[in-house]
There are 2 protein chains.
Amino acid sequence: MTDFRLTPLAASLPSTVPFVGPETQERARGSAFDARLGANENVFGPSPKALAAMATAEQWMYGDPENFDLRTALAAHHGCTIEHIVVGEGIDGLLGYLVRLFVGPSDAVVTSDGAYPTFNYHVAGFGGTLHKVPYVEDHEDPASLFAKAKEVDAKLVYLANPDNPMGTWHDGATLTRALDDLPEGCVLVLDEAYVECAPEGTAPQLDPDDPRVIRMRTFSKAYGMAGARVGYAIAHPELIMAFNKVRNHFGMNRAAQAGALAALEDLEYTASVLAHIETARARITKIAADNGLKTIPSATNFVAIDCGQDGVFAKRVLDALIAQGLFVRMPFSAPQNRCIRISCGTPEHLDLFARYLPLALKTATEG
Amino acid sequence: MTDFRLTPLAASLPSTVPFVGPETQERARGSAFDARLGANENVFGPSPKALAAMATAEQWMYGDPENFDLRTALAAHHGCTIEHIVVGEGIDGLLGYLVRLFVGPSDAVVTSDGAYPTFNYHVAGFGGTLHKVPYVEDHEDPASLFAKAKEVDAKLVYLANPDNPMGTWHDGATLTRALDDLPEGCVLVLDEAYVECAPEGTAPQLDPDDPRVIRMRTFSKAYGMAGARVGYAIAHPELIMAFNKVRNHFGMNRAAQAGALAALEDLEYTASVLAHIETARARITKIAADNGLKTIPSATNFVAIDCGQDGVFAKRVLDALIAQGLFVRMPFSAPQNRCIRISCGTPEHLDLFARYLPLALKTATEG
């Protein structure tokens, strides 16, 4: 037994991982999955221009710690200035920095029960107290979230729009109106990881100088670059500047910086990917219907399928799909955990899903 | 004026960057540098096999959060188990996690005055109290460091071997003996970023289960992959496991994981790069001598040149080199700041340095 003098907070934390990776499961089962439909990765992949930019990047050089070129392009894309934008190691990395800036022992934070667990991991990791409100009809609910934030004097409140794991969304105007009830001194962490997949108008029209909101975006979903780890946040320049207090200034991969820049500019390719995603969503919905199951309407690159019973049953369906060779995941909390969550795969991957689902349902029913 | 409710610690921190990047300087001067000799990047670059692995990585997938394949190869390379190894976003990222695990407000940490500033950045960032001891004859000094650690009851003590920015080193046996005086409950953070460039025997022979030391290694220097951001640490499994409490589990770039694995295995290429580095060190030493300047013997991929006067003079030499188009840096603290620090460039880059140095010295002298 050793005696490392960790901080009391660090000593109290579990050595957990928010998500077990598919590779870990593959090593445990001794074979590769037939398809990865569990992490909402975008199998259609990055723009060929992004791939070319990454393949030719000069990896002997450190990346620009200011991410200047990428931030300049993002500012033009969003109609703001580069002072409104910070780039980081995925939204996960940025959430960690944000929580570190705001949350100390016993500071209050609000999220929805069953929403993104990596945010919760960071809140726990900095000693914050997490308050959860239920989803309302499979939607994260701004009214409940902001009311709870007021009640507990929260410093941060998390809302994903569209939501993960359900795929539901609010239109931007609804969110903008709801902001009237965000308590003063509380910042809304608006996770828009999937917003490029959503209908026009899902992203609220916000003044980038609005100090009430920090928006999180990523190149992992619509842009197909999950492996590259490029996220960014848009917020008031004073808040953006605060990230420079704590971030890993040389944390960004140089090829990823170049790839994200090229991906952002390839509008035609992104449009084609979004069309593939829409087709796949419809296909998943049809496969579910063919098996007598309902789906939750989705504005993301995945679809939650209601297995029609409780979480125990859905878990049995999930396990049977995994046993057949599909990497899939499901929501963590009731009542959302009556569903399984299927990422938008290629037609071939969804053929496999169509083939495996009936047996999985049969196994679960007989289980 | 907004009113973000940062933690008291975060509010107290400056929005600084430990190092200003060369790209920032290039934007300010309005033109690119002729050569990058300031960040100890390895201009000879990654193994072609590493480049190929990175170019063909499936960037639509998240990287394996366990870094299993790379850790397995590293364990074989170092004769330990994968439980002794954590992979992270460069040594910078790992230093941040380590400091977070150990250091809270007013916890004591010890380093050398003028040693790696990013470590200091993290200590300040978590509210620690940094105690500094002077270099001894341009070497970080284990005896002074460990004595100070005992005096202030330090939780961590930092020592780079070889040292940056001076390039000096201790042989491994000296360090192993010095460890007898490391106070109980204090962990030595042994930064071995440059150790592959050093003479045989520079890395101490340590039992990987030794709880007194955590070693930090990187693919940024000898392996020429600074842009990829791959560092790793070797330590007691209990300490390694603690990183899972706080790290960004999905923080690693998937291509970088594959590239590092390929780079590690290409021993022949690494040997050829180390030969280039040795040649470049000799050339830098000769250029200095041709200008009447002494150099500090180096076990790294850079050479510190003693400009023969004080820090003000060396800064004038540095500024003159920068003005002529060379990206170079210098030590921060006296008396090391009588030097400028030149990274091992290509022969062409060092031709430029040979051409620019006489004028820089003349300019500095006429100041």
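About the thresholds
Residues numbered from 1 in each chain as written. Chains lettered and ligands numbered in written order. Predicted model: local features only at pLDDT ≥ 70, side-chain atom pairs only at ≥ 80, totals over all residues. Helix = DSSP H or I, 4+ residues; strand = E, 2+ residues; numbered from the N terminus. Rg over C-alpha atoms; globule rule 2.2 N^0.38 Å. Buried ≥ 20, exposed ≤ 12 C-beta atoms within 10 Å, placed from the backbone. Contact = placed C-beta atoms within 7 Å. Least-squares fit on C-alpha atoms with pLDDT ≥ 70 in both. Expected span 1.5 Å × (residues − 1). Pairing = 2+ DSSP bridges. Right-handed = clockwise from strand over helix to strand, strands pointing away. Domains from an automatic or database assignment. Nonpolar A, V, L, I, M, F, W, Y, C, P; charged D, E, K, R; others polar. Axes fitted to C-alpha atoms, helices over the stretch in contact; angles between N-to-C directions. Parallel < 35°, antiparallel > 145°, perpendicular 65-115°, else oblique. Left-handed = near helix turned anticlockwise from the far one by under 90°.

Helix and strand counts for chain A come out as 13 helices and 12 strands. Against the globule reference of 21 Å for 367 residues, chain A gives a C-alpha radius of gyration of 20 Å, in line with a compact fold. Referenced to the eigenvectors of the C-alpha coordinate spread, the extents of chain A come out at roughly 55 × 55 × 50 Å. Out of the 367 residues belonging to chain A, those deemed buried represent 58%. Residue pairs in contact within chain A that sit at least 24 positions apart in sequence constitute 73% of those at least 6 positions apart.

On to the relation of the copies chain A and chain B, then. Put simply, the second copy of the chain is the first one after a rotation about an axis and a shift along it. In screw terms, the move from chain A to chain B is a rotation of 180° and a rise of 0.0 Å along the axis, fitting with an RMSD of 0.0 Å. What the superposition gives is, in effect, a two-fold axis relating one chain to the other. The position closest to the rotation axis in chain A is occupied by the C-alpha of Ala 55 of chain A, lying 2.2 Å away. In this assembly, 100% of the residues forming the interface of chain A have copies in chain B that are likewise at the interface, indicating an isologous arrangement.

Turning next to helix α11 (residues 267-290) of chain B. Residue and element names in this part refer to chain B. Its 24 residues give α11 an end-to-end C-alpha distance of 35 Å, which sits within 8% of 34 Å, the value for a rise of 1.5 Å per residue. Residues Tyr 269, Val 273, Ile 277, Ala 280, Arg 281, Arg 283, Ile 284, Ile 287 and Ala 288 constitute the buried set of α11. In the core, the buried residues of α11 are packed alongside β9 (294-295), β10 (302-306), β12 (339-343) and α13 (347-366). Looking one or two residues past α11, Gly 292 carries a phi angle of roughly 75°, positive in sign.

The next point concerns the pairing of strand β5 (residues 156-160) of chain B. Residue and element names in this part refer to chain B. In terms of residue burial, β5 counts as a mostly covered element, since 5 of its 5 residues are buried. Where strand β3 (residues 108-112) lies against β5, 2 bridges are found, and the strand directions are parallel. Among the inter-strand pairings, Val 110 is bridged to a residue of β5, identified as Val 157. Relative to strand β6 (residues 187-191), β5 runs parallel, the two sharing 5 bridges. Within the sheet, the bridge partner assigned to Ala 160 lies in β6 and is Asp 191. Between the parallel elements β5 and β6, the chain passes through helix α8 (residues 172-178) in a crossover that is right-handed.

As a further point, take the sheet that holds β9 of chain B. Taken together, 3 strands build an open sheet; the order of strands is β9-β10-β12 (chain B) and the sheet is antiparallel. Edge positions in the sheet fall to β9 and β12 of chain B, since each of these pairs with one other strand and no more.

Glancing now at the domain arrangement of chain A. All names here are of chain A. Examined at the domain level, chain A breaks down into domain 1 (19-44 + 268-366) and domain 2 (54-265). Summarising the inter-unit geometry, the C-alpha centres of domain 1 and domain 2 are found 26 Å apart. In this complex, domain 1 contributes 21 residues to the contact, which on the side of domain 2 involves 23 residues. If you list the elements that add at least two residues to the side of domain 1 that touches domain 2, you get α11 (267-290) and β10 (302-306). Considering every element that reaches the side of domain 1 that touches domain 2, the biggest residue donor is α11, with 4 residues. Looking at the side of domain 1 that touches domain 2 residue by residue, the class counts come to 11 nonpolar, 8 polar and 2 charged.

Bringing the pairing of strand β8 (residues 231-234) of chain B into the picture now. Residue and element names in this part refer to chain B. Where burial is concerned, the two faces of β8 agree: the one with Gly 231 and Ala 233 and the one with Tyr 232 and Ile 234 are both buried. As paired elements, strand β2 (residues 85-88) and β8 share 4 bridges and run antiparallel to each other. Note on β8: the bridge partner recorded for Ile 85 is Ile 234. By the bridge criterion, 4 bridges tie strand β7 (residues 213-218) to β8 in an arrangement that is antiparallel. Directly across from Arg 215, in β8, lies its bridge partner Ile 234.

As a measure of interface size, the accessible area lost when the parts come together is often cited. Each partner contributes residues to the interface: chain A has 72 residues there, and chain B has 72 residues. Mapped onto the side of chain A that touches chain B, the elements with two or more residues apiece are α2 (22-29), α3 (48-55), α5 (90-102), α9 (237-242) and α10 (254-265) of chain A. For the side of chain A that touches chain B, the element with the most residues is α5 of chain A, which contributes 6 residues. In the side of chain A that touches chain B, the residues fall into 32 nonpolar, 24 polar and 16 charged.

Here we take up the sheet that holds strand β9 (residues 294-295) of chain A. Residues and elements named next belong to chain A. Taken in spatial order, the 3 strands line up as β9-β10-β12 in an open sheet, and their pairing is antiparallel. Because the sheet does not close on itself, it has two edges, and the strands there are β9 and β12 (339-343). Here β9 runs beside β10; their pairing, made up of 2 bridges, is antiparallel. Across the sheet, Thr 295 pairs through a bridge with Ile 305, a residue of β10.

Now for unusual backbone geometry. With an omega dihedral of 20°, the bond running from Asn 164 of chain B to Pro 165 of chain B counts as a cis peptide bond. Structurally, Pro 165 of chain B is set in the loop between β5 and α8. That bond from Ala 334 of chain B to Pro 335 of chain B is cis: its omega, 0°, falls within 30 degrees of zero. Relative to the elements of secondary structure, Pro 335 of chain B occurs in the loop between β11 (326-327) and β12. The phi torsion at Ser 106 of chain A lies on the positive side, around 70°, for a residue other than glycine. Here Ser 106 of chain A is to be found in the loop between α5 and β3 (108-112). A positive phi angle, close to 60°, is found at Arg 229 of chain B, a residue other than glycine. As for its placement among the helices and strands, Arg 229 of chain B is situated in the loop between β7 and β8.

Below, the discussion takes up the packing of helix α4 (residues 68-78) of chain A against α10 of chain A. In a packed pair of helices, the relevant descriptors are the angle between the two axes and the axis-to-axis distance. Residue and element names in this part refer to chain A. It is at 9 Å that the axes of α4 and α10 come closest, and there the two elements cross at 20°. In terms of orientation, α4 and α10 fall into the roughly parallel class. Seen along the crossing, α4 lies across α10 with a hand that is left-handed. Each of Asp 69, Leu 70, Ala 73, Leu 74 and His 77 in α4 lies in contact with α10, whose residues at this interface are Gln 257, Ala 260, Leu 261, Leu 264 and Glu 265. Residues that form the contact of α4 with α10 fall into these classes: 6 nonpolar, 2 polar and 2 charged.

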